[in-house]
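The chain contents come next:
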Amino acid sequence: YLSNPSKKTINFSVLQNYAETIHNAKGAIYDDEEKVVGIFSQLQNVYDVSALSFAFFQKYKEDLYVYLASFMDNSNHFGWGSDKTDWMTKIVERVNQIS
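Along each chain, numbering runs from 1 in the same order as the chain's sequence is written. This being a predicted model, a pLDDT of at least 70 is required before a residue's local features are given, and a value of 80 or more before pairs of side-chain atoms are given or counted; all residues contribute to the totals for chains, interfaces and linings. No hydrogens and no water enter the side-chain calculation; it runs on all heavy atoms of the structure.

**Quick look at the overall build of the protein chain**
What counts is decided by this rule: What counts as a helix is a DSSP run of H or I of at least four residues, what counts as a strand is a run of E of at least two, and both are numbered from the N terminus. For the exposure calls, accessible area comes from a 1.4 Å probe over protein chains only, and a residue counts as buried if that area is under 20% of its type's maximum, exposed if over 50%, partly exposed in between. Note on contacts: a residue pair is in contact if any heavy atoms of the two residues lie within 4.5 Å. Surface accessibility follows the Shrake-Rupley procedure with a 1.4 Å probe radius. Residue values consider only the protein chains on display as shielding.
Scanning the protein chain from N- to C-terminus turns up five helices and zero strands. For the protein chain, the succession of helices and strands along the chain, N to C, is α-α-α-α-α. Going through the 99 residues of the protein chain one by one, you find that 34% of them count as buried. Taking contacts inside the protein chain between residues at least 6 apart in sequence as the whole, the part at least 24 apart equals 70%. For the protein chain, the accessible area works out to roughly 5900 Å², and carbon and sulfur atoms hold 52% of it.

**A word on the environment of Ser 70**
Note the following rule: Any N or O atom pair separated by 3.5 Å or less is treated as a polar contact, with the protein-specific requirement of one donor-capable and one acceptor-capable atom, and with residues adjacent in sequence counted only for side-chain atom pairs.
Within the fold, Ser 70 resides in the loop between helix H4 (64-69) and helix H5 (87-98). By relative accessible area, Ser 70 is classed as partly exposed at 32%. For the pair Ser 70 and Lys 26, spaced 44 residues apart in sequence, the C-alpha to C-alpha distance is 8.7 Å. A polar side-chain atom of Ser 70 sits 2.5 Å from the main-chain carbonyl oxygen of Tyr 67.

**Here's the deal with unusual backbone geometry**
At Lys 61, a position not held by glycine, the phi torsion is positive, near 55°. As for its placement among the helices and strands, Lys 61 is situated in the loop between helix H3 (46-60) and H4. Residue Lys 61 is classed as exposed on the basis of its relative accessible area, which comes to 58%.

**So, the pattern of salt bridges**
Two side chains with opposite charge may pair up if their charged atoms get near one another. Basically, it comes down to this: Salt bridge, as applied in this entry: a Lys or Arg side-chain nitrogen positioned within 4 Å of an Asp or Glu carboxyl oxygen.
Scanning all chains against the criterion turns up two salt bridges. Here Asp 32 ties to Lys 35 by a salt bridge, and the two come within 3.8 Å at their closest N and O atoms. Given the relative accessible area of 21%, Asp 32 is considered partly exposed. For Lys 35, a relative accessible area of 43% corresponds to the partly exposed category.

Nothing here speaks to function; it is geometry throughout.
This is the structure we're talking about:
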């Protein structure tokens, strides 16, 4: 993104809002993985992904991928619930699709 910012298709302020939504999707008891996947479905190219990652790091000083991996794998459900969706794979597939 930084090497060619004109290639992103989404306004940076929208990406900053997406970063906040992603950050807030991680909860103490309930995570909103579908909301995160929905955001990635809005991204049109790798420049958007890179810009989102940049916006997330700017705001939270955390790597977006590491943050996503901390809750998108369902390992913190303490054995309850039936959600066995591999959310990280959904995100990786989307990023590969738009690459």
